[in-house]
Structure formats: C-alpha cells, structure tokens
Amino acid sequence: MSSTESELPESLPDFRARARAWLASTPPPEVPPDPDTRFTVLRRWQRTLFEAGWAGLAWSREAGGGGLTHAHHLVFVEELVRARAPQPIGLIGLEVVGPSIDRYGTDRQRRELLPRLLSGDDIWCQGFSEPEAGSDLASLRTRAVADGDDYLVSGQKIWTSWAHQAQWCALLVRTDTAVRKQAGISYLLVDMTSPGITTRPIRQMTGDQEFCEVFLDEVRVPRQNLLGAENEGWAIATHTLGSERGAATLRRRVELEVALDDAVDELGARGSLDGRARSAIGRAHIAMRVLDAQTRQTTARLLANTGPTPLDSVDKLVLNDVEQTVFAEIAGLLGPLRAVPGSRPAGLRSERWAHDHLYSRAASIYGGSAQIQRTIVAERLLGLPRG
Amino acid sequence: MAEHDDLASTVHDYLTRSYDCDRRRTLLGDGPGGDGTGSGWDAGLAAELAELGWYSVAVAECRGGIGATPADLGPLFEQYGRHLVIGPLLENSLLPALVEQIGPDPAGTPPALVDPGITDDRAAEIGSVSRTGRELTGTVAAARFAAQANVLVVLAGAAVCLVDPAAPGVRVEPIGSADPGTAFARVRLDAASADLVVTDGDLVGRIRAWSRILLACELDGLARGALERTVEHVGRREQFGRPIGGFQAVQHLAADMAARSTGLHNLCLATLADADGASTARLDLLASTVKAHAAQAAVGVCEDAIQLHGGMGFTTETDVSWYYRRALALRGWYGDEIELRHRIGAALLDPEGRM
C-alpha cells in the first residue's frame, strides 16, 4: 500500500449506493443489432464510464485507475448488469491486457498505453489462440524473429474478438523453437495498423460477428513493444487468464440472474402459469442458486488473492452447466415459435431467448473447454493418476 | 462457521472410530443372516447419539439443549449421510428443536413426524388427516419411525398435533422398508384425541422447510461419501496394467461427480447461511430449492459411483450400493426435483396466488 492511500477506501455499501445512483441518472445506451454501430455505441459508453471515473476501478491511481479494491470493481460490475447496461467495449483491455501491462510493462509502455486503453481511445484484442493451438495453447506457432530493432512476425490467430476494429493486439508469439514449448513464448504489443496484418470476421451461429481470424505476414514490431522479458510470455499470459476467470464468472452470474428475472417478468406479464412454465422456471431457479452458492466461494478466493487453484475448474464446470440449463429451460418454452423472429410465445421474446440459448453452448468451450477442466479436476483436485 | 466445522469434524472423527465398516454394514442389514435390508432402527445407536448430545444441538438451553440453531444441524447431517448413519436422526434432532412441547429423550426414543404433506404429486397415495378441535381422523400410509415413537407429531392442515401412540383410536402398523436407514409404519387415526394442538401458522411450514434442508444436507453427505469411495477405488483398481483412474473416460466421470458434489455442498452451505431468520415464504423457497437439487445431484453422483465400481458396485459388498439406495429413499421424501420444480416455479411466477 502506497503512502498516498492513507485514507480508507469508500465502504462497499456507500460505493454501491453511489454506483446505483449514477447508473439511474445516466441512461445506458440501447445496443443496436448492427455490429458496426454497436461497436461505436459501446465505445462511446466506455468513454462515458471513463469520464465519470468508473473505468479501471481496481487499477492503481498512477495507471489512471480508481485505486479501489477488486471488491469495489465486482460491486460495480453487478450494478452495471442489474441496470441492464452493456459492458464497455474494451473489456479485454480493461480486464485482461491492461492489468498485464500494469504489472509487467515498462514505465514507457504504461504511460503511453494505459490511459488510452482506459478511455476507450484504444481498443485491444487478444491474439492468443491459433487454428492449431486451442486447448493446447502453448504449442502456438506464430513466429517472431529478431531483425535489428524489430521483430518480424508471421503466423495466424483465431477467435480474436474485435480484431477488425481494434487498435492494438496482445500477441503471443514463439521466439525460441529449441526449448520446451512454454519456454519459447513471448508477449508482444502490436499496433493493428502495422503493414502485413489482415483480419477476417467469422460469423457465429448466433448471428454475431465479434470473432476474427488474424493473419500476420512479416509484420514489423519494434522490440520495445515486448511485454516483460523475451521468452517469458507464457507466465504473463497464464497470470492474466487466471485473473480474468474469477471476474468473468462473477459477471456471468449476474447476467444470468438478470436474464432469469427478465424471463419470469415476461412469462408473468402474459400470465403463462402452465405446468411447463412452472417446471422450467423452477429448474432454472435451482440452477441459479447453485451458481450463487458456488460464486460465494469464488468471491472469497478472489478477494483473498489465493491465486489459481483446481477449484477454478470446478467453478467453470458448474457455471457451464448452470448457464446451459437456464437458457435451455427458457428457450424450451418457445416451442415451434422459436424459429419465428418477432413472436412472443408465452410472452417470451423469441429472438432474445433463441440467441442466448445458442450462445450458452459456447460456455463449455471458451476459456478452457469442459473436457480440459475435467482433466484438471481429476488429476489435480482428486489426485487421480495422470493419463 | 468455525463452530460448524469443529462440530462436524468431531462427529466425523467419532463416527470413523465407532461406526466403522462392520457396525455400519450390520445395521444397514448386510450382517450375517441379514436379508440385505436392515430394520432402519437400532435402540442402542439411538441411545448412544442421545448420550453424545447430538440430538440436542438445536434445542434451547432452557430445555436441556445446546442452544444452537436448526442451521447448525446441517453439518451434522452431512456427516450422517457420509457415514450412512441409520435411524430417526431428523425426528430426534429437528422436532425437539422446533416444537417446544417435545423434550429430547435421554434414551433416544424418537418422536415421529406423521405428515400427509411429504409429497404434492402423490398426495392421494399418502393419505390425509382432518381435524375437529382436538379430534383427528385419517390415515397416513407411511410415516418414519412411528412404531418406535413415544409421541406422534401429526400435521393436520396448519396445526401441529401431539398424539400419544397408545391413545384410543390410534393404530400404528409397522410396514416393510426398502430404505436401509429407516423404519416405516402406517398410522390410522379414528377420532383420536390429541394431547396438544399448536396452531401457530408458521410451525407446519417451518417443520417441512427444515426437514427439506436437513435431508438435503444428508444427501450432500451421501454424495460426498460415494465420491470418496469412488476416488479411492479407481486409484487402486488396476486393469490393462494400470489404475483405471488414469483412463480419461474414468477421470471425466469422476470429475463430473466432484463438480456436482461440490456444487451441492456449496448450495447446502449457502442455504444454511441464508435460512436463519428468513421469512416463511423465503424459507420455503430456499428449502425446496436445496432439496430439489440434492435429490437430483446425490442420486446422479451415486449412479456414477456404481458405474465406476463396475460389477462390485452392484453388490451389497461395496458401500456405494448402500449410498445409492439411501439416496433414492431420501430423494422423494418431502419432494423430488420434478415435484419441487413445480413448487418453486409456482412461487416465482405467481407469488401471491399460492398456498
């Protein structure tokens, strides 16, 4: 704790009341379906949050943040979701890349990159996964070869959210092929306007288009854009992926809670009290309580800074299951009108629930697939022999 | 929380020592000459637990108890499940805690809960009891430990009625039991007179809600026990020259069991934390939710435990078959997941129009 923080941080209830009051006085934007307009609207929303002091709440003051605790950040996330407000567009920067730069970056990197990241002037994407390096991320092949003051980078990335609209990319590259695969990886900060970068959006089954493929062909990246030391990128990547997971689980819990509340309201407004609706809502409620109980443990670990544990994988399995149960139950009530956009079977908005149900299938794939999590639980939590 | 853990580990240590495999199996009904299902009742065990004071944990101090809350019983019930303890645990622990007029019995002789409301969906098969003043008439087709009880706690409408099993008009007929931990009896009341009628509107609801919560904790313990046995087994059992726990197909099933068991355990903890001081409607929702989940999760974990034990899991010679039969018996008592989903959905979709 630095000497400037002699005063106690605002109490959580006071902070929550202040967040709630601000959100009530600042109407959140409607999120338009068109991807380009959506990007613009959500970027403006990040600017609004930033100017009111809500961006980077748990970041240090020196880095331009709020100097508050993780607990404050989690409270704000909750209130944001409950106010039916969208997330700021630069979430990857705010929660994954930014904290890494803050922790591992040079003074110059922090000074030049962090303020623009917070304000949303720079949107960041995360170039980690590759077509041949998904669950086995450490086997990534994108190469960076030193060339004078630069690296020359060539390869291909995939599942890179917002790459086609981002200004910067946090890129994992191989800088040494002669060593154990984790030991030859470096973390580069890449300007997306550099010559040699092309992006191709991938349309998802939900109709959304936030993922991209990124192709890198002899892209010149200054060596001063290396984050941390050469060949030490793996530790940085795993550190940030780990810290992202807890916050993401907690955010998703509140989002699911809000979704279920909305479904109950829509069904109730239509008086749809048949046995099938009762059963579906009952099952979804049970699932939500399971997640609520599970995330109490997650929160406790997050606030105690216990670091990664195999219990994170249990959290992930529980979250997958709950998310898929909740949306399958709600969407199941749409019946045949699921496929008819604009209809309101039993009062439910068919497009929203069909969309959210499809999206729930990704839950057991992204951030470490359910199969990977099960192996971690079996070997590291239950202590079963390695296969 | 720390007190919960202390008490639970005391109970765990004691049961590990004194309720070992031989004794457990004998009481469950797998002893020499046993036919595979015990009577669910052992007067010696009931007296032993009374002597230890475990039944009195949630009974007020002024009535000879320890003065903790019903929520403090949760961690004990988890241990009871984990160790496959038989007998009137719920009756002896909960009823004296909630019904002032029932004292903890020093010999462990239980009160019996005679409740036609143990199920919504099968109400017609269970029966009903009607009340006029102190006079009770009706039948309850299955009540736990009614033949062993010194008092019948009959729930009739919104009233809790204490009835002497030897009173005129009361017939208690022991019936068979496929639950290795429970004895059942049919109770017929023909203008039987209750010694006492409590019409405090909340009491019936609180008895049912806490029964659900504690049964859920017991199911949590059953799931945990089945998981522990399974992890031990697959780490030891070798096929194809190595422990089967090294095969991914086995690992993933075991990991799923662990995730479900942990999820259930955390839900029990959260429910116990939220239940003290909750309003009746809120308590009912919390209780239905945890019982519904416990019914589904514990049965599922036990089924996978049997699967991973192979042929041995299907026999009475491994604990997992006992965990499973116990879980199946508790699953439907005060509602399984199917029944309770409706109850929960009704409460959420139509909070006013219910009950």
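A quick note: this is a predicted structure, and the numbers were derived from the prediction, not measured. (Residues numbered from 1 in each chain as written. Chains lettered and ligands numbered in written order. Predicted model: local features only at pLDDT ≥ 70, side-chain atom pairs only at ≥ 80, totals over all residues. Heavy atoms only, no water.)

### Focus on the overall build of chain B
Applied cut-off: Here a strand is any run of E in DSSP of at least two residues, a helix any run of H or I of at least four, and the numbering for each starts at the N terminus. Put simply, the radius of gyration uses C-alpha atoms, and a globule should come to 2.2 Å times the residue count raised to 0.38. Residues count as neighbours in contact if any of their non-hydrogen atoms are within 4.5 Å of one another. Residue burial considers only the protein chains on display, and all accessible areas are found by Shrake-Rupley using a 1.4 Å probe. Counted charges follow a simple rule, with Lys and Arg positive, Asp and Glu negative, and His plus the chain ends left uncounted. To locate a charge, take NZ of a lysine, CZ of an arginine, CG of an aspartate or CD of a glutamate.
Broken down by element type, chain B carries eleven helices and ten strands. Taking 20 Å as the expected radius of gyration for a compact globule of 355 residues, we find that chain B reaches 20 Å, a close match to that expectation. Each of the three principal axes of chain B carries a C-alpha extent, and together these read 70 × 50 × 40 Å. When contacts within chain B are restricted to residue pairs at least 6 apart in sequence, those whose partners lie at least 24 apart make up 73%. As presented, chain B carries roughly 13,500 Å² of accessible surface, and 51% of it is formed by carbon and sulfur atoms. The average position of the 30 basic charges and that of the 47 acidic charges among the side chains of chain B differ by 4 Å.

### Section: the environment of Asp 115 of chain B
All names here are of chain B. Worth spelling out the cut-off: N or O atoms closer than or at 3.5 Å make up a polar contact, with two conditions inside protein: a donor-capable atom paired with an acceptor-capable one, and, for residues adjacent in sequence, both atoms drawn from side chains.
Along the polypeptide, Asp 115 turns up in the loop between strand S1 (111-114) and helix H6 (123-126). Here the alpha-carbon distance between Asp 115 and Gly 345, two residues 230 residues apart in the chain, equals 23 Å. Excluding residues that lie within four positions of it along the chain, Asp 115 makes contacts with Ile 126, Val 140, Leu 155, Arg 208 and Tyr 334. Side-chain polar atoms of Asp 115 contact the backbone nitrogen of Gly 117, separated by 2.6 Å. Only 2.7 Å separates the side chain of Asp 115 from the side chain of Tyr 334, close enough to count as a polar contact.

### A word on the domain arrangement of chain A
All names here are of chain A. As a reminder, the rule being used: Each domain's extent was defined by an automatic or database domain assignment. When two parts are brought into contact, each loses some accessible area as probed by a 1.4 Å sphere; the total of that loss over both is the buried area.
Segmenting chain A into domains produces domain 1 (8-122), domain 2 (125-231) and domain 3 (235-381). Each of domain 2 and domain 3 has a C-alpha centre, and the two are 30 Å apart. At the junction of the two partners, domain 2 supplies eleven residues and domain 3 supplies nine residues. Where domain 2 abuts domain 3, roughly 810 Å² becomes buried across the two surfaces, and 74% of that area is made up of carbon and sulfur atoms.

### A few points about the environment of Glu 337 of chain B
Residues and elements named next belong to chain B. This is how the line gets drawn: When accessible area is computed with a 1.4 Å probe and restricted to protein chains, residues below 20% of their type maximum are described as buried, those above 50% as exposed, and intermediate ones as partly exposed.
With respect to the helices and strands, the residue Glu 337 is situated in helix H11 (residues 337-349). Judged by its relative accessible area of 8%, Glu 337 is buried. For the pair Glu 337 and Ala 295, spaced 42 residues apart in sequence, the C-alpha separation works out to 6.0 Å. Filtering out sequence-adjacent residues up to four positions away, Glu 337 remains in contact with Ala 292, Ala 295, Gln 296 and Arg 331.

### Topic: the domain arrangement of chain B
Often, the extent of an interface is quoted as the loss of accessible area upon association of its parts. Residue and element names in this part refer to chain B. Let me state the cut-off plainly: The salt bridge criterion pairs a side-chain nitrogen of Lys or Arg with a carboxyl oxygen of Asp or Glu, the two atoms within 4 Å. Amino acids are sorted into nonpolar (Ala, Val, Leu, Ile, Met, Phe, Trp, Tyr, Cys and Pro), charged (Asp, Glu, Lys and Arg) and polar (every other residue, Gly among them).
Taken domain by domain, chain B holds domain 1 (2-108), domain 2 (113-199) and domain 3 (202-348). Relative placement of domain 1 and domain 2: their C-alpha centres are 22 Å apart. In this assembly, 16 residues from domain 1 lie in contact with 16 residues from domain 2. Here domain 1 and domain 2 share an interface that buries about 1,200 Å² over both sides, 69% of which is from carbon and sulfur atoms. The salt bridge involving Arg 144 is made with Glu 91; its shortest N-O contact spans 2.7 Å. Connecting domain 1 to domain 2 are two residue pairs in polar contact (both at pLDDT 80 or more). Where the side of domain 1 that touches domain 2 is concerned, the elements lending two or more residues are helix H2 (21-30) and helix H5 (89-98). Here the side of domain 1 that touches domain 2 takes three residues from H5, the largest share from any one element. Considering only residue class, the side of domain 1 that touches domain 2 consists of nine nonpolar, five polar and two charged.

### Points about the UniProt feature "domain: Acyl-CoA dehydrogenase/oxidase C-terminal" (unreviewed entry) in chain B
In plain terms, the rule: UniProt positions are given in the numbering used here, feature names are shortened, and annotations may be inferred rather than shown by experiment.
Here, the residues flagged by UniProt with the feature "domain: Acyl-CoA dehydrogenase/oxidase C-terminal" (unreviewed entry) are residues 210-348 of chain B. Helix makes up 79% of residues 210-348 of chain B and strand 3%. Its end C-alpha atoms lie 20 Å apart.

### Some remarks on the side chain of Ser 100 of chain A
Counting through the fold element by element, Ser 100 of chain A comes out in helix H4 (residues 91-104). By relative accessible area, which is 0% here, Ser 100 of chain A ends up buried.

### Focus on the interface of chain A and chain B
Taken together, the contact between chain A and chain B spans 34 residues of the former and 38 residues of the latter. Both faces combined, the contact of chain A with chain B buries some 3,000 Å², and carbon together with sulfur accounts for 69% of it. Two residues, Arg 296 of chain A and Asp 274 of chain B, come together in a salt bridge whose shortest N-O distance is 2.8 Å. Between the two partners, chain A and chain B, sit ten residue pairs in polar contact (both at pLDDT 80 or more). Mapped by element, the contributors of at least two residues to the side of chain A that touches chain B are helix H6 (233-269), helix H7 (275-303), helix H8 (311-332) and helix H10 (370-381) of chain A. Per element, the largest residue contribution to the side of chain A that touches chain B is 15 residues, and it comes from H7 of chain A. Its residues assigned to classes, the side of chain A that touches chain B shows 16 nonpolar, eleven polar and seven charged.

### Topic: the pairing of strand S4 (residues 151-156) of chain B
Residue and element names in this part refer to chain B. We apply this condition: DSSP calls a pair of strands paired once it identifies at least 2 bridges connecting them.
The buried fraction of S4 amounts to six of the six residues, a majority that puts the element mostly inside the structure. Across four bridges, the pairing between S1 and S4 is parallel. What sits directly across from Val 114, in S4, is Val 154. Across five bridges, the pairing between S4 and strand S5 (residues 159-163) is antiparallel. Considered in S5, the bridge of Leu 152 is made with Val 163.

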